[in-house]
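Spelled out, the chains give:
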Amino acid sequence: MPKPLKIACGFAILLVLVMVTALLYVRARVSRPMMEALASNALGMEVRVGDRIATGIFPGLHVTLEDVEIRNRGASLVAAKEAQIWIDYLPLLRNDVRVGKIALSHAGISIERTQDGTYNFEKPGSPVASLPALDVASVTVSDGTLNYSNRQSGDIYEARHCSLDVDRLQLLGGGQDFMKRLAITADVACDEFRRNELLLADLKFSIDGGNGIFHVAPVAMRLFGAQGSGTIEADYTKATPLHHVRYSLLQFRIEEFFRTQSPRKIAKGLMDFEADLTMQGNTVSEMKQTMAGHISLRGKDLTLEGTDLDKEFAQYAASQKFNLVDGGAFFFAGPLGLAVTKGYDFAGIFMGSGGSSELHTLVSDWRVERGVANAQDVAFATDKNRMALQGGLDFASERFADVTTALIDARGCAKVKQKIHGTFQKPVVERPNFLEAIAGPAVKLLKKARDVFPGGECEVFYAGSVAPPK
């Protein structure tokens, strides 16, 4: 036999002996009580494993566990139908067990934030930073589910049919903050993601980071019948974390948004939403208070069903049955409306004169500073009228900040004004202020004089990009 072939055969035999020895080593030491005890001690939680445990050497030395469950504080955190753990060969020669890969199938994760702000995965009396050091080359999850509930805010998040592919997962030891200790490179995909009543489809994102700096890009999802995309940059190196979020949802269907608010057919058309925001804080409340950037919502050739706005506006002074603020609800459609329209009854708002309305142009641009979105250019135009809005939306306190809607003339002057204040959940709408529709000889004379001399002065309410109807 040629010498090279002898060497190759000898190496192959040696490799097989090492694999068999490793398998016998693992089999001799792996048992359900031992696995449960080791995992429970490492995590500081209760770990349960099913009766069946299998070992194998192809495609690598691995242990297969069934019906794995991790519990803490008496509640289930993680439950997997099957878990496979791959073990590196060479460290075993030094009596050192090192995990190279973990694969979970049909895994469910349940996370809860309690009223006192703690999480159900925290050890009693210990911070999250106390989690043990970890270094795993690969983690995969197939057909996974995630349930997260926040008892403080009442929000519920659900992710279904998810896959996770982690190429790097490290958690350094020491007493630093969790995010400063974490290093991860991963791809995530979920068929469905639900936040309360809002449903997203085909959620996909990649995350890469370490040493407190993380990049999540691209973030893709389907929402309101359109494909959204964005990026998230997070900096945890300082005492107060900094986040930068960019997101766009182009050509989304406004009817899909209103369907989340009411089963009635309210409107149809395509709109564009874009946001570029930065925020700092350790809690959601702190991030809202520091939020800054820009938000934009725009659309053309939108149709409002069930109400003829021009007819309502023409009869407004006499009937006073229609609130200008209700017509301005369109300024808060789409993703922006999810935070603002909690107190709106859309089914009742647009049940008016019947018919329909055409909104030829709608612009809703906002500048955000210290958690308050201030109107920069907010208006829409119908066949015969323009409506505009001034004021702010205080996201931190969830209140309207000096918001005023107005019907405006060709010069941008207000014909009728109406103010709204209070919380997003319970908005308070004041009585309208008629600036030219009041009956009476003096006012009629002034209005007639203004029509004869159109160059007269007025207080301009709106000077934005939405042109007056022709």
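What counts as what
Residues numbered from 1 in each chain as written. Predicted model: local features only at pLDDT ≥ 70, side-chain atom pairs only at ≥ 80, totals over all residues. Heavy atoms only, no water. Helix = DSSP H or I, 4+ residues; strand = E, 2+ residues; numbered from the N terminus. Polar contact = N/O pair within 3.5 Å; in protein donor to acceptor, adjacent residues only side chain to side chain. Contact = heavy atoms within 4.5 Å. Pairing = 2+ DSSP bridges. pLDDT = per-residue confidence, 0-100. Disulfide = S-S within 2.5 Å. Buried < 20%, exposed > 50% of the residue type's maximum accessible area, 1.4 Å probe, protein only. Core = buried A, V, L, I, M, F, W, Y, C linked by side-chain atoms within 4.5 Å. Phe/Tyr/Trp six-rings, centres within 6.5 Å; stacked < 30°, edge-to-face > 60°.

### A few points about the side chain of Asp365
With respect to the secondary-structure elements, Asp365 resides in strand 17 (residues 356–369). A distance of 2.5 Å separates a polar atom in the side chain of Asp365 from a polar atom in the side chain of Arg298. Contacts of Asp365, omitting those with residues within four sequence positions, involve Ile295, Ser296, Leu297, Arg298, Asn374, Ala375, Gln376, Asp377 and Val378.

### Considering the pairing of strand 10 (residues 198–210)
For strand 9 (residues 182–195) and strand 10, the ladder comprises eleven bridges, and the chain directions are antiparallel. Of the residues in strand 10, the one forming a bridge with Ala186 is Ile207. Between the antiparallel neighbours strand 9 and strand 10 lie two residues, among them Asn196 with a positive phi of about 55 degrees. Pairing analysis gives seven bridges linking strand 10 to strand 11 (residues 213–223), with the strands arranged antiparallel. In the sheet register, Ala201 faces strand 11, and the bridge partner there is Arg222. Two successive antiparallel strands, strand 10 and strand 11, enclose a turn made up of two residues, where Asn211 displays a positive phi of approximately 55 degrees.

### So, the side chain of His244
Within the element layout of this structure, His244 appears in strand 13 (residues 242–253). Reaching out from His244, the side chain makes a polar contact with the side chain of Asp276 at a distance of 2.7 Å. Excluding its chain neighbours within four sequence positions, the residues that come into contact with His244 are Thr231, Ile232, Glu233, Asp276, Leu277 and Thr278.

### With respect to the confidence of the model for the protein chain
Reading predicted coordinates in detail is not appropriate for stretches of low pLDDT. Overall, the predicted model of the protein chain reaches an average pLDDT of 78, with 73% of residues at or above 70. Below a pLDDT of 50 lies the segment residues 436–454, which in the model reaches nine contacts outside its immediate sequence neighbourhood of four places, other chains included.

### Brief notes about the state of the cysteines
Two cysteines form a disulfide when their sulfur atoms are joined by a covalent bond. In the structure shown here, the tally under the stated rule is two disulfides. Disulfide pairing is shown between Cys162 and Cys190; the S-S distance is 2.1 Å. The chirality of the disulfide connecting Cys162 with Cys190 is right-handed, given an S-S dihedral of about 115 degrees. Of this pair, Cys162 sits in strand 8 (residues 156–171) while Cys190 sits in strand 9, and the two are 28 residues apart along the sequence. When its relative accessible area of 6% is taken as the criterion, Cys190 is described as buried. Paired through a disulfide, Cys413 and Cys458 show a sulfur-sulfur distance of 1.4 Å.

### Overview of the nonpolar core
If you look at the biggest cluster of nonpolar residues, it comprises 48 residues, and the most contacted ones within it are Leu249, Phe252, Phe273, Ile295, Phe331, Trp366 and Leu393. The biggest single contributor to this core is strand 15 (residues 270–280), with five residues. Within the second largest apolar cluster, twelve residues are counted, among which are Val47, Ala83, Ile85 and Ile87.

### Details of the packing of aromatic side chains
In this structure the tally under the stated criterion is nine aromatic pairs. Aromatic pair Tyr157 and Phe193: ring centres 6.2 Å apart, planes at 40 degrees, arrangement tilted. Pair noted here: Tyr157 is in strand 8 and Phe193 is in strand 9, with a separation of 36 residues, a long-range link. Put simply, the rings of Phe224, Phe252, Phe257 and Phe258 touch in pairs and so form one group of aromatic residues.

### Side note on the pairing of strand 7 (residues 138–150)
Across eight bridges, strand 7 lies against strand 8 in antiparallel orientation. Among the inter-strand pairings, Ser149 is bridged to a residue of strand 8, identified as Ile156.

### Thoughts on unusual backbone geometry
For the bond running from Ala217 to Pro218, omega is -10 degrees, close enough to zero to count as cis. Relative to the helices and strands, Pro218 resides in strand 11. For Asn211, which is not glycine, the phi torsion reads 55 degrees and is therefore positive. Checked against the element boundaries, Asn211 lands in the loop between strand 10 and strand 11. Relative accessible area serves as the criterion here: at 66%, Asn211 is assigned to the exposed category. In the Ramachandran plot, Arg370 falls in the positive-phi region, its phi being about 50 degrees despite a non-glycine side chain. Position of Arg370 among the secondary structure elements: in the loop between strand 17 and strand 18 (372–381). On the accessibility criterion, Arg370 (74% relative accessible area) is exposed.

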